[in-house]
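Reading the structure
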Amino acid sequence: MSSTTASRREERRQLHQDLSRTQLLDATIVVIARRGVRGLRVQEVAAEAGVSVPLLYHYFGSREGLLEAALFAVSEHADRYATSVALDASTARDELIGR
């Protein structure tokens, strides 16, 4: 097998891992929205994401690890949203005052 083939295979594997992790985080956010943090169950998250419970534990280690990653993802999304809104507001304000 050539190094190019191995490299492509590794890229596909990494993409699949990233997609699975993202699916799990999205499912976790949905379950938290539905049931609250105290109602978060890893079995429900895995079912929501369409993956197995062992895969969830593989990526996040524990319920707490999953919760921490999901809350971090929500925080990052909120920061990006707030930044984009602030930039849009600055641009709109500049346009209004003719800068």
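Remember, it's a predicted structure, so these values are computed and weren't measured experimentally.

1. Let's talk about helix 2 (residues 42-49)
Buried residues of helix 2: Val42, Glu44, Val45, Ala46 and Ala49, and no others. Just past helix 2, the residue glycine 50 takes up positive phi, approximately 75°.

2. Some details on the environment of histidine 58
Within the fold, histidine 58 resides in helix 3 (residues 53-60). Taking relative accessible area as the criterion, histidine 58 reaches 57% and is therefore assigned exposed. Sequence-wise, histidine 58 and arginine 21 are 37 residues apart; in three dimensions their C-alpha atoms are separated by 9.9 Å.

3. Some words on the nonpolar core
Judged by nonpolar contacts, the single largest core of 18 residues is most densely connected at Leu24, Leu40, Val45, Leu56, Phe60 and Leu66. Where this core is concerned, the elements lending two or more residues are helix 1 (3-35), helix 2, helix 3 and helix 4 (63-96). Among the elements that make up this core, the one with the highest residue count is helix 1 (five residues). Discounting residues that sit within four places of it in the chain, valine 45 has contacts with Leu24, Ala27, Thr28, Val31, Leu40, Leu56 and Leu66.

4. Some remarks on the confidence of the model for the protein
Per-chain confidence: the protein averages 85 in pLDDT, with 85% of residues scoring 70 or above. Of all helices and strands in the protein, the one with the weakest mean pLDDT is helix 4 (81), whereas helix 2 scores best (96).

5. Quick notes on the pattern of salt bridges
In this structure the tally under the stated criterion is three salt bridges. Residue glutamate 48 pairs with arginine 34 through a salt bridge whose shortest N-O separation is 2.9 Å. Taken together, the residues span a long stretch of sequence, with glutamate 48 in helix 2 and arginine 34 in helix 1 at a distance of 14 residues. If you follow the salt bridges from partner to partner, you end up with Arg34, Arg35, Glu44 and Glu48 in one network.

6. Notes on the packing of helix 2 against helix 3
Helix 3 packs onto helix 2 with a crossing angle of 105° between their chain directions and a minimal axis gap of 9 Å. In terms of axis orientation, helix 2 runs roughly perpendicular to helix 3. Between helix 2, through Val42, Gln43, Val45 and Ala46, and helix 3, the contact on the second element is made entirely by Val53, Leu56 and Tyr57. In terms of residue class, the contact of helix 2 with helix 3 is built from six nonpolar, one polar and no charged.

Calculation rules
Residues numbered from 1 in each chain as written. Predicted model: local features only at pLDDT ≥ 70, side-chain atom pairs only at ≥ 80, totals over all residues. Heavy atoms only, no water. Buried < 20%, exposed > 50% of the residue type's maximum accessible area, 1.4 Å probe, protein only. Helix = DSSP H or I, 4+ residues; strand = E, 2+ residues; numbered from the N terminus. Core = buried A, V, L, I, M, F, W, Y, C linked by side-chain atoms within 4.5 Å. Contact = heavy atoms within 4.5 Å. pLDDT = per-residue confidence, 0-100. Salt bridge = Lys/Arg side-chain N within 4 Å of Asp/Glu carboxyl O. Axes fitted to C-alpha atoms, helices over the stretch in contact; angles between N-to-C directions. Parallel < 35°, antiparallel > 145°, perpendicular 65-115°, else oblique. Nonpolar A, V, L, I, M, F, W, Y, C, P; charged D, E, K, R; others polar.

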